[in-house]
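Coordinate analysis (summary)
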Amino acid sequence: MDHFTYRNRILHCDDVPVPALAEKYGTPLYVYSKKTLTHHLKQLQTAFKAVDPLICYSIKTNGNLHIARLMIEGGAGCDVTSGGELYRALKAGCSADKIVFAGAGKTDAEIRMALDAKVFLFNVESEGELSAIADIAKAMGRVANVALRVNPVLPPKTHAKTDTSVKGVKFGLDIDTVLEFAAKVVKNPHVKVVGLHMHLGSPIITVEPYRQGIEKGLVLIDKLRAQGHQVTIWNMGGGFGIHYKKNEALPATAFAEVIVPGIQKSGCKLVLEPGRFIVGNAGLLVSRVIY
């Protein structure tokens, strides 16, 4: 928690004494550090600068409009997983062409809302979802740009409930059958496969899963292009770990050293969807002892 410090045994947030905030606003009170939030975003922007990434703040990690607005003002887009989160992103001032719509359970109404708003990209997780997007786009006279979320089937790397790229999880398309699936929409005029999406899970505190994911992704992108898909976007998701115990987390630069060369080799635009990395250590809940 970079900008929470004790001075004369009094906890401060961004140079403001926390007890003073409790007196002014009452408790319980959520307090967020603007300096920490912007510092974390800047770390990512600097580490991945060589490939000019689209960094989409993950609204699901904290839907506070002021935090979303701060990220947008700092140059970020938004990653949303529902119609409500899309509404929040737009309300906070995010340009639709910097919004990625993720999530495994998009309803028809949410898909229509996203197409109406002209979001940058849909992350697609199933054949049924892609079919629904194509049908709705056709009915609306639109073309939807999508990235296929692929499960690269990597060894276990984090908590079983948040490890999204191991065999058997519900997230993403099977890497062994995704090409058969992709072949069905090569000539569909209402949906364009323009990207590959790989969210490997969270929190990840080693670069090796990204190294393995990049290797598999490069092969898959070549095969998708050979099918006729104009793949120009590679979404590596989020999942970078943060400090919970001591100093177990790696800096953004460590992940960039592995991811950037692969992105450059692919010729794709990099999209990242950080959430925990930005807000996980940037706030606190202030309460008081009553009895």
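See the structure above.
Residues numbered from 1 in each chain as written. Predicted model: local features only at pLDDT ≥ 70, side-chain atom pairs only at ≥ 80, totals over all residues. Heavy atoms only, no water.

A closer look at the pattern of salt bridges
The condition is simple: Salt bridge, as used here, is a side-chain nitrogen of Lys or Arg placed within 4 Å of a carboxyl oxygen of Asp or Glu. The buried label goes to any residue with under 20% of its type's maximum accessible area, the exposed label to any with over 50%, and the partly exposed label to all in between, with areas taken from a 1.4 Å probe on protein chains only. Secondary structure is summarised from DSSP: a helix means a run of H or I of at least four residues, a strand means a run of E of at least two, and numbering begins at the N terminus for each.
Counted under the stated rule, the structure contains nine salt bridges. The partner of Arg7 in a salt bridge is Asp15, with the nearest N and O atoms 2.5 Å apart. Judged by its relative accessible area of 37%, Arg7 falls in the partly exposed class. Across the salt bridge formed by Glu125 and Arg149, the nearest N and O atoms sit 3.0 Å from each other. Residue Glu125 is found in the loop between strand 8 (121-124) and helix 6 (127-140), and its partner Arg149 is found in strand 9 (residues 144-151); the two are separated by 24 residues along the sequence. Judged by relative accessible area, Arg149 falls into the buried class, the value being 6%. A cluster of three or more residues bridged by salt bridges with shared partners is formed by Arg7, Asp15 and Lys35.

Considerations on unusual backbone geometry
Cis geometry marks the peptide bond from Thr27 to Pro28, where omega comes out at 0°. One can find Pro28 in the loop between helix 1 (18-25) and strand 4 (29-32). You will see that Asp52, though not glycine, has its phi angle at about 45°, which is positive. Mapped onto the elements of the fold, Asp52 is located in the loop between helix 2 (34-47) and strand 5 (54-58). Although it is not a glycine, Lys118 adopts a positive phi angle of roughly 65°. If you trace the backbone, Lys118 turns up in the loop between helix 5 (108-117) and strand 8.

Points about helix 6
How we decide: In a helix, the anticipated span is given by 1.5 Å times the number of residues less one.
Compared with an ideal rise of 1.5 Å per residue, which puts 14 residues at 20 Å, helix 6 spans 20 Å between its outermost C-alpha atoms and is within 8% of the ideal. Those residues of helix 6 not exposed but buried are Glu129, Leu130, Ala132, Ile133, Ala134, Ile136 and Ala137. Phi turns positive one or two residues past the end of helix 6, at Gly141, with a value near 70°.

Thoughts on a nonpolar patch on the surface
The cut-off we apply is this: The patches reported here contain residues having more than 30% relative accessible area and no salt bridge. Joining distances are 9 Å for like charges and 5 Å for nonpolar side chains (Val, Leu, Ile, Met, Phe, Trp, Tyr). To measure how exposed things are, a 1.4 Å probe is used in the Shrake-Rupley method; for residues, cover is taken only from the protein chains shown.
A surface patch of nonpolar side chains, amounting to about 330 Å² of accessible area, comprises Tyr30, Tyr32 and Leu285. When you line up the elements, Tyr32 lands in strand 4. For Tyr32, a relative accessible area of 31% gives the class partly exposed.

Details of the pairing of strand 9
A regular strand carries its side chains on alternate faces of the sheet. Keep this limit in mind: One bridge is not enough; two strands pair if DSSP finds at least two bridges between them. Whether a crossover is right-handed comes down to one check: with the strands pointing away from the viewer, does the path from the first strand over the helix to the second run clockwise; if it does, it is right-handed.
Burial analysis of strand 9 places seven of its eight residues in the buried class, which makes it a mostly covered element. By the bridge criterion, three bridges tie strand 8 to strand 9 in an arrangement that is parallel. Note that in strand 9 the partner of Phe122 across the bridge is Val146. Taking the sense of rotation as the criterion, the β-α-β connection linking strand 8, helix 6 and strand 9 turns out right-handed. Summarising the sheet, strand 9 and strand 11 (residues 191-197) pair through six bridges and their orientation is parallel. In the sheet register, Leu148 faces strand 11, and the bridge partner there is Leu196. Where strand 9 lies against strand 10 (residues 173-174), two bridges are found, and the strand directions are parallel. Its bridge partner lying in strand 10, Asn151 is registered against Asp174.

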